[in-house]
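# Structural characterization, general
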Amino acid sequence: VAEGEPGEGREPFELPRFWDALGQTFQVTSQEATKLSLAFSRPPLPSAEDCRKLCEDVQNAILALATVYYWLPKGQGTTLRKMVRDATTEVVEGMIQLTDTILNSPVESLSQEQLISTGGVWEACEQVSSLPRGEYNQAAVVSALAACLGVVKDAVEEMEHALVEGQDPYGDIMEDEELGFRGNRDTYWSEADRQLLSSCMGLMKASKACLKKVLAAVKAHGKAESPEQIAQLDDLADIANEISPSVDELALSMYPPVNPLAVRLNAAKLASVLKKVLEIAKTSHVCPPSEEGWVQFLTGAVDHNMNKVKNFTQGQL
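Residues numbered from 1 in each chain as written. Predicted model: local features only at pLDDT ≥ 70, side-chain atom pairs only at ≥ 80, totals over all residues. Heavy atoms only, no water.

An unreviewed UniProt entry annotates the protein as CCDB1 protein of Pardalotus punctatus. Among the UniProt annotations of the protein, the heading Sequence similarities (unreviewed entry) holds the following wording: "Belongs to the CCNDBP1 family." (UniProt positions renumbered as here; feature names shortened; annotations may be inferred.)

In structure tokens, the structure reads:
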């Protein structure tokens, strides 16, 4: 499941039928986990025949789950497939963990580990109900973009909080020998640092705005009716996934002691990712002429802030 590639089926693919079958296999797997756990929750142990039957039922449930995942062809979109694959893999891994726990636990009573493992399988199986089921790949891409936006929002708020005038960025860390006293240059921002970091904050805010606008455009105009449209949505999700790690890297380099060249390098990486996102959005079906204004504005905002970062760090080259 983790590494295999579903092929294009011979029969026409029907999404409603796929979701029904997937939901049923997740439900059956959850029930088999409960049966297995209860059978080994107290003495006496099940007979050899009962054990064989339990094992067969668990194995059949897992094989059915994997089979239904393999129904989902590549043409339905890689974003949707990745979400279904991750959910399926989590159930399989949960069942492996439950089996290992039962094998290694005394049978006198239901162990805490066994309860936790059983609950883990239930939780993994319940995930199927929260998978995006809208128009094929479009709903999956909306879900992926929304998750990226949430992470970036948190990073922006955290850095804004740290940059409040006069605030000690390490105020929440107990003073220790490594950090030294609060007067140590390594634990605060100079005025020059703050000027550089204000432009970095501009880039981080542009990241948030960029994801917000692309998400709204996909919701409003995103379609998954042709292979080209599905591929464009996947491209947007793939490149948007690069924003959050790039924002995190820039934020980490902004903490004192500030190395201006490291900040410049990370800012350039983020600016490059944002320009790619905007370019892919602009040339895709989610950006009709009515959406071109914000693409142009945000492209300008990225360039403006990146140029300021370059100016502030020019003397360091």
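The rest of the description comes next.
It is worth spelling out the overall build of the protein at this point. From N to C terminus, the protein includes 10 helices and zero strands. Starting at the N terminus and ending at the C terminus, the protein contains elements arranged as α-α-α-α-α-α-α-α-α-α. Across the 317 residues in the protein, those meeting the buried criterion constitute 45%. Total accessible area on the protein stands at roughly 16800 Å², and carbon and sulfur atoms take up 54% of it. (Helix = DSSP H or I, 4+ residues; strand = E, 2+ residues; numbered from the N terminus. Buried < 20%, exposed > 50% of the residue type's maximum accessible area, 1.4 Å probe, protein only. Areas by Shrake-Rupley, 256 points an atom, 1.4 Å probe, with all protein chains shown as cover.)

Two elements in contact, helix H1 (residues 15-39) and helix H2 (residues 48-71), have axes whose closest approach is 9 Å; the angle formed by their N-to-C orientations is 160°. As the angle between them shows, H1 and H2 are arranged roughly antiparallel. As H1 packs across H2, the resulting crossing turns out to be left-handed. Residues Arg-17, Phe-18, Ala-21, Leu-22, Thr-25, Phe-26, Val-28, Thr-29, Glu-32, Lys-35, Leu-36 and Ala-39 of H1 pack against Leu-54, Asp-57, Val-58, Ala-61, Ile-62, Ala-64, Leu-65, Val-68, Tyr-69 and Trp-71 of H2. For the contact of H1 with H2, the residue count by class is 16 nonpolar, two polar and four charged. (Axes fitted to C-alpha atoms, helices over the stretch in contact; angles between N-to-C directions. Parallel < 35°, antiparallel > 145°, perpendicular 65-115°, else oblique. Left-handed = near helix turned anticlockwise from the far one by under 90°. Contact = heavy atoms within 4.5 Å. Nonpolar A, V, L, I, M, F, W, Y, C, P; charged D, E, K, R; others polar.)

Ranked by internal contacts, the top residues of the largest apolar core, which has 55 residues, are Met-204, Val-218, Ile-243 and Met-254. Every residue in contact with Ile-243, bar those within four places of it in the chain, is listed here: Val-152, Ser-207, Leu-211, Leu-270, Val-273, Leu-274 and Val-277. (Core = buried A, V, L, I, M, F, W, Y, C linked by side-chain atoms within 4.5 Å.)

Moving on to unusual backbone geometry. A cis geometry characterises the amide bond from Pro-43 onward to Pro-44, with omega recorded as -5°. The residue Pro-44 is located in the loop between H1 and H2 in this model. For the peptide bond that leads from Pro-256 to Pro-257, omega is 0°, which places it in the cis range.

With respect to the element layout, Asp-193 can be found in helix H6 (residues 191-221). The class for Asp-193 is buried, based on a relative accessible area of 7%. Within the structure, Asp-193 has its side chain in polar contact with the backbone nitrogen of Ser-190 (distance 3.1 Å). (Polar contact = N/O pair within 3.5 Å; in protein donor to acceptor, adjacent residues only side chain to side chain.)

What follows is about the pattern of salt bridges. If charged atoms from side chains of opposite charge come close, those side chains can pair. In the structure shown here, the tally under the stated rule is eight salt bridges. A salt bridge links Lys-53 to Asp-57; its shortest N-O distance comes to 2.9 Å. Of this pair, Lys-53 and Asp-57 both sit in helix H2, four residues apart, which is roughly one turn of that helix. Residue Asp-57 is classed as buried on the basis of its relative accessible area of 18%. Across the pair Glu-160 and Lys-205 runs a salt bridge, and its minimum N-O distance is 3.4 Å. Within this pair, whereas Glu-160 is found in helix H5 (residues 137-162), its partner Lys-205 is found in helix H6, the two being separated by 45 residues in sequence. For Glu-160, a relative accessible area of 36% puts it in the partly exposed group. You can call Lys-205 partly exposed: its relative accessible area is 42%. (Salt bridge = Lys/Arg side-chain N within 4 Å of Asp/Glu carboxyl O.)

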